[in-house]
Amino acid sequence: MKGRGALAAGGVALLAAAGLPLVVHNSFVLHLCILVFLWATLGEAWNVLGGFAGQVSFGHAALFGLGAYATAILYLRAEVAPWWGIPLGGLAAAAVSVPTGLVAFRLRGPYFSLATLAVAELMKLVALNWEWATNGPTGFLITSLPPLHLLGLPMDWEAKAPFYLAALAMMGLAMGTVAALSSSRLGAYLVAIRENEDAAEAVGIDTVRAKVVTLALSGFLTGIAGGFYVLYFRYIDPDAVLNLGISMEMVFIAVVGGLGTVLGPLVGALCLTFAGETVRERFGAGHLIFYGLFMMLVIRFLPEGIWGRASKLIDRLSPKEARPGAPRG
Amino acid sequence: MGLIGPNGAGKTTVFNLVTGFVRPSSGEVRLAGESIAGKKPHAIARKGVARTFQIVKPFARLSVKENVTLAAFLRHRSRPEAEDAAGALLERLGLGGRGEKLAMELNLMDQKRLEMARALATGPRVLLLDEPMGGLNPSEVGAASELVEAIRRGGVTVVLVEHVMKAIMRISDRVLVMHHGERIAEGAPADVVKDPAVVEAYFGHGAA
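A quick note: this is a predicted structure, and the numbers were derived from the prediction, not measured. (Residues numbered from 1 in each chain as written. Chains lettered and ligands numbered in written order. Predicted model: local features only at pLDDT ≥ 70, side-chain atom pairs only at ≥ 80, totals over all residues.)

Just to check I follow, could you spell out the overall build of chain A for this structure?
When you go through chain A residue by residue, the secondary structure sums to 16 helices and four strands. In terms of C-alpha radius of gyration, chain A reaches 20 Å, essentially the compact-globule figure of 20 Å for 329 residues. If you line up chain A on its principal axes, its C-alpha atoms span 50 × 45 × 45 Å. Looking at chain A residue by residue over its 329 residues, the buried ones come to 48%. Sequence separation of 24 or more characterises 76% of the internal contacts of chain A that already satisfy a separation of 6 or more. (Helix = DSSP H or I, 4+ residues; strand = E, 2+ residues; numbered from the N terminus. Rg over C-alpha atoms; globule rule 2.2 N^0.38 Å. Buried ≥ 20, exposed ≤ 12 C-beta atoms within 10 Å, placed from the backbone. Contact = placed C-beta atoms within 7 Å.)

Honestly, the overall build of chain B in this entry has me stumped. Any pointers?
If you tally the helices and strands in chain B, you get nine helices and eight strands. Relative to the 2.2 N^0.38 estimate, which gives 17 Å for 208 residues, the radius of gyration of chain B is 17 Å and therefore close to what a compact globule would have. Projected onto the principal axes, the alpha-carbon positions of chain B cover approximately 60 × 40 × 30 Å. Looking at the 208 residues of chain B, the share that counts as buried comes to 43%. Sequence separation of at least 24 residues holds for 58% of the intrachain contacts in chain B that already meet a minimum separation of 6.

Just to check I follow, could you spell out the packing of helix α5 (residues 82–104) of chain A against helix α11 (residues 207–233) of chain A for this structure?
Helix packing geometry: the angle between the two helix axes and the distance between the axes. Residues and elements named next belong to chain A. At a minimum axis distance of 7 Å, the contact between α5 and α11 shows a crossing angle of 145°. The hand of the α5/α11 crossing is right-handed. Here the residues of the contact of α5 with α11 sort into 18 nonpolar, ten polar and one charged. (Axes fitted to C-alpha atoms, helices over the stretch in contact; angles between N-to-C directions. Left-handed = near helix turned anticlockwise from the far one by under 90°. Nonpolar A, V, L, I, M, F, W, Y, C, P; charged D, E, K, R; others polar.)

Teacher, can you tell me more about the nonpolar core here?
Within soluble globular proteins, side chains that are nonpolar tend to cluster in buried spots. By size, the foremost hydrophobic cluster in this structure holds 148 residues, and its most contacted members are F37, A167, A225 and F228 of chain A together with A117 of chain B. Top contributing element to this core by residue count: helix α3 (residues 27–52) of chain A, with 13 residues. (Core = buried A, V, L, I, M, F, W, Y, C linked by C-beta atoms within 7 Å.)

What should I look at first to understand helix α4 (residues 60–78) of chain A in this one?
Since the α-helix packs 3.6 residues into each turn, any two residues three or four apart lie on the same face. Residue and element names in this part refer to chain A. Along its 19 residues, α4 runs 26 Å from first to last C-alpha, staying within 8% of the 27 Å computed at 1.5 Å per residue. When you tally the buried positions in α4, you get 15 out of 19 residues, the bulk of the element. E79, located one to two residues past α4, shows a positive phi value of around 55°. (Expected span 1.5 Å × (residues − 1).)

Help me understand the pairing of strand β6 (residues 157–161) of chain B, please; the structure alone is not making it clear to me.
All names here are of chain B. For β6, the buried fraction is high: four of the five residues fall into the buried class. Where strand β1 (residues 2–4) lies against β6, two bridges are found, and the strand directions are parallel. Paired with L3 across the strands is V161, a residue of β6. Bridging between strand β5 (residues 126–130) and β6 involves five bridges; their strand directions are parallel. Along β6, the bridge assignment pairs D130 with V161. Crossover handedness for the path β5 to helix α6 (residues 138–153) to β6: right-handed. (Pairing = 2+ DSSP bridges. Right-handed = clockwise from strand over helix to strand, strands pointing away.)

Please clarify how the pairing of strand β8 (residues 182–187) of chain B should be interpreted in this entry.
One face of the sheet, then the other: side chains in a regular strand alternate in exactly this way. All names here are of chain B. With five bridges connecting them, strand β7 (residues 175–179) and β8 associate as antiparallel partners. Across the sheet, H179 pairs through a bridge with E182, a residue of β8. Hairpin connection between β7 and β8: a loop of two residues separates the two successive antiparallel strands, and H180 in this loop has a positive phi of roughly 50°.

Is there a simple way to think about the interface of chain B and chain A in this case?
A common way to state how big an interface is: give the accessible area lost once the parts meet. Listed as interface residues are 23 residues of chain B and, on the opposing side, 19 residues of chain A. Every element with two or more residues in the side of chain B that touches chain A is listed here: α2 (41–46) and α3 (64–72) of chain B. Split into classes, the residues belonging to the side of chain B that touches chain A amount to eleven nonpolar, four polar and eight charged.

Please clarify how the sheet that holds β7 of chain B should be interpreted in this entry.
Strand pairs in the sheet, formed through backbone hydrogen bonds, run parallel or antiparallel to each other. All names here are of chain B. Taken together, six strands build an open sheet; the order of strands is β4-β5-β6-β1-β7-β8 and the sheet is mixed. Of all the strands in the sheet, just β4 (49–51) and β8 have a single pairing partner and so form its edges. Pairs of neighbouring strands in the sheet enclose a mean axial angle of 20°, with direction left out of account. Of the strands in this sheet, β5 and β6 touch α6, which is tilted by about 150° from β6.

Could you clarify how one ought to interpret the packing of helix α8 (residues 161–182) of chain A against α11 of chain A in this entry?
Residues and elements named next belong to chain A. Between α8 and α11, the least distance of the axes is 11 Å, while the angle of their chain directions is 175°. In this view, α8 runs roughly antiparallel relative to α11, as classed from their interaxial angle. Of α11, the residues touching α8 (which contributes F163, A166, A167, M170, A174 and T177) are L217, L221, I224, A225, F228 and Y232. (Parallel < 35°, antiparallel > 145°, perpendicular 65-115°, else oblique.)

Hey, could you run me through the confidence of the model for chain A in this one?
The predicted coordinates ought not to be read in detail in places where the model reports low pLDDT. All names here are of chain A. With 94% of its residues at a pLDDT of at least 70, chain A reaches an overall mean of 88. At the level of individual helices and strands, chain A shows its lowest average pLDDT in strand β2 (residues 149–150), which scores 76, and its highest in helix α10 (residues 197–202), which scores 96. Per-residue pLDDT stays below 50 along residues 321–328; that stretch engages in 22 contacts with residues further than four places along the chain or on separate chains. (pLDDT = per-residue confidence, 0-100.)

Is there a simple way to think about the environment of L168 of chain A in this case?
Residues and elements named next belong to chain A. Note that L168 resides in helix α8. Residue L168 is classed as buried on the basis of its C-beta count, with 22 C-beta atoms lying within 10 Å. Note: C-alpha distance between L168 and A199 (31 residues apart in sequence) is 39 Å. Those residues in contact with L168 that sit more than four places away from it in its chain are L14, A17, A18 and F37.

What exactly am I supposed to notice about the environment of I253 of chain A here?
Residues and elements named next belong to chain A. Tracing the backbone through its elements, the reader meets I253 in helix α13 (residues 244–257). Separated by 213 residues in the primary sequence, I253 and A40 place their C-alpha atoms 7.5 Å from one another. Excluding its chain neighbours within four sequence positions, the residues that come into contact with I253 are W39, L42, G43, P265, G268, A269 and L272.

Right under this line is the structure:
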């Protein structure tokens, strides 16, 4: 399903999902859904750079943490409400990603990946040591959120529903962005860069500019996810939002779900969140072993990802519509 | 123009210098009087210098048509226009029926045609072909030679690096010979192949 059909289906699915809190009141289920939406957003954000452009970043936690800290600092020190702070956090992450990209994209392959890792570690050190700005290892605790009314109704910040809807909207934005990218000229250029960067340059594609713009887009989406994290969990410290585990989780979600696809990160987030919670419930601290095993099996037997494989099967069974090799749904 | 020389003479390096993949440490690179030395490859491509690679570099998991369409975006703003231009080029280069195949599914000859089509889609004034006949059998070499001649007749200046002397002699108006990074001979093909310095470069001291 491509183009307008896919767009309409996506819109309907989002609207349907928005109605879930009306029928499901179980806090744990809604919490799981929020986690899925958050990780799907992060997976989409990483997918923009890693899946489409083939640039493997191990440092997206830097952008996540930057968005989180920006939102927290704006609220706690400048009284900017989080719903304004979140997009501003996204813009801050995007702004930082531009000079970072201009330097890091001079490197290719594993050297680029290592450079991103270094940036993330640097950001963590800054957060730990610039206590005047970030409160250092203590971090920030948000004890209460400002009142908000939507359509005349007050938001109940103690309930899950407002966060569920906010996370769903954020994920919708991320997926919509990726869908728009996949059918744009920039998206086509990114695929060319992924396939062969030298050949892309030889046909007139400014590969550094394309990658920097993409990193900024990826940074914005990652940053707003960081801002949402602060809004929902209400506590951040360098370890919580700037750790390597967040960067790697984003990679796994995109890879397990399907690189270069719109739905892949959502599928990846669903699988990994539910797999993670299921084994955590049964095996406690040993859940990481099964989590890792699950990812290894997917990477070994489904290298194109779960949705990547499923969409190929769907394409094979349905009439041919789009050109081969174009980014998939 | 043909650019020949023994392996390691620096022929591909010259192409890399001209197209911006290698930055010159000294000297000049000029296109119609304008210096292009040190510019990035994409900027040089936009100025009208296109190239193929010694080892083909297709966008392997994209279709043949998409490979050329991406290059056509350099000269065409809209996708339909770029696709039309790509389709016409594929027909011209004998790939008309293979537009929907993935580039990695083509045989070597067709991948070389694809790379030429992709380079031509950028609307170049100058086309640098790096060993387009490498790895081809004799009938394919003949077909490739005809293709290059057709490109020349289309008004594009061609600089051809090749080891297949028959093709060089057939296609080139002028030949430049390199050895150890330096020009050792230049002129009409028939004159260059008799040059003692050229014979020595290829066959060793005492062969001239």
